[in-house]
Amino acid sequence: MRREGFTLIELLVVILILGILITIAAMTFLGAPEKAKQTKCLANLDNLFKLCINYSMEYNSFPWGGDGARYYEHWQALVNEMGQGKRIDPNLFVCPSMIGIKAAEKDQDRHFVLAENNCAYAYAIQQRTQEDGDILLAADKDVKIGAQGKGHPEIIITLSCDGTKKKNKVREGENWDSITRGELAR
């Protein structure tokens, strides 16, 4: 005898399979915007590293704003020496996960000035040369630790002097200083 339609069990199995597939798809797509921000952040740091290497070829050190300079003043030294920023996009200094940080606006002469409110990356406390190896050069400045900051949730992205970029997951008991080994100013 031929039957028409689905039995209740067959219908429940189909609904269960669809539910599982929808859950997997939702979990995949919910994390996509943050992963895209992290990827853009890594690309920013990669471009900043290339600019620092070009700078160091000419000046034999990474950019340096002087002893006691704030992190953005070191980056400003890079901007100043690279044609007053005419060849540098101000968005390069802004991590896409940093809420409230906006790019420095260029004036009519296409110059821009970095400050605390438009620069999202920390900088090495001490002057670095290419031979310094795996010492950190830069990292996300404002990270979410102890409910402060608005950076990548639970991630600190770092850039070493040798060009290595790393996503550091903030684990229990870790913080900015332990991950950056006290080498970066912010």
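You'll find the structure just up there.
The present account deals with the structure reproduced in this document. Predicted model only: the values in this text are computed from it and were never measured.

## Structural notes on the side chain of S61
Logical step 1: Along the chain, S61 falls in the loop between α2 (32–59) and α3 (71–81).
Logical step 2: In this structure S61 comes out as buried when scored by relative accessible area, which is 9%.
Logical step 3: Residues within four places of S61 in sequence aside, it is in contact with Y55, S56, Q127, R128 and T129.

## So, the sheet that holds strand β5 (residues 184–185)
Logical step 1: Taken in spatial order, the 5 strands line up as β4-β3-β2-β1-β5 in an open sheet, and their pairing is antiparallel. If you trace the sheet from one side to the other, it starts and ends with β4 (165–169) and β5, each paired once.
Logical step 2: Looking at chain direction, strand β2 (residues 136–140) and strand β3 (residues 155–160) are connected through 3 bridges and run antiparallel. By the bridge assignment, A139 is partnered in β3 with T158.
Logical step 3: Against the sheet, α2 makes contact with β1 (121–124), β2, β3 and β4, and its axis sits at roughly 20 degrees relative to β3, the strand it touches most.

## Overview of the nonpolar core
Logical step 1: If you look at the biggest cluster of nonpolar residues, it comprises 47 residues, and the most contacted ones within it are L48, W75, F93, L114 and L137.
Logical step 2: When contributions to this core are tallied by element, the ones reaching two or more residues are α2, α3, β1, β2, β3 and α4 (176–180).
Logical step 3: With residues near it in sequence (within four places) discarded, W75 still touches L48, C52, F93, L114, C119, Y121, A122, Y123 and A138.

## So, the pairing of β1
Logical step 1: With 3 bridges connecting them, β1 and β2 associate as antiparallel partners. Across the sheet, residue A122 finds its bridge partner in β2, namely A139.
Logical step 2: Inspection of the sheet shows β1 paired to β5 by 2 bridges, in the antiparallel sense. Bridge pairing in β5 links Y123 to A185.

## Considerations on the environment of N118
Logical step 1: Within the secondary structure layout, N118 lies in the loop between α3 and β1.
Logical step 2: The sequence separation of N118 and F93 amounts to 25 residues, and the corresponding C-alpha distance is 7.3 Å.
Logical step 3: Excluding anything up to four places from it in sequence, N118 contacts F93, V94, I101, K102, A103, A104 and V113.
Logical step 4: There is a polar contact of 2.7 Å between the side chain of N118 and the backbone nitrogen of A115.

## Looking at the pattern of salt bridges
If charged atoms from side chains of opposite charge come close, those side chains can pair.
Logical step 1: Counted according to the given criterion, the structure contains 5 salt bridges.
Logical step 2: Between K102 and E105 there is a salt bridge; the shortest N-O distance is 3.7 Å.
Logical step 3: Looking at E105, the relative accessible area reads 64%, which means it is exposed.

Procedures and definitions
Residues numbered from 1 in each chain as written. Predicted model: local features only at pLDDT ≥ 70, side-chain atom pairs only at ≥ 80, totals over all residues. Heavy atoms only, no water. Helix = DSSP H or I, 4+ residues; strand = E, 2+ residues; numbered from the N terminus. Buried < 20%, exposed > 50% of the residue type's maximum accessible area, 1.4 Å probe, protein only. Contact = heavy atoms within 4.5 Å. Pairing = 2+ DSSP bridges. Axes fitted to C-alpha atoms, helices over the stretch in contact; angles between N-to-C directions. Core = buried A, V, L, I, M, F, W, Y, C linked by side-chain atoms within 4.5 Å. Polar contact = N/O pair within 3.5 Å; in protein donor to acceptor, adjacent residues only side chain to side chain. Salt bridge = Lys/Arg side-chain N within 4 Å of Asp/Glu carboxyl O.

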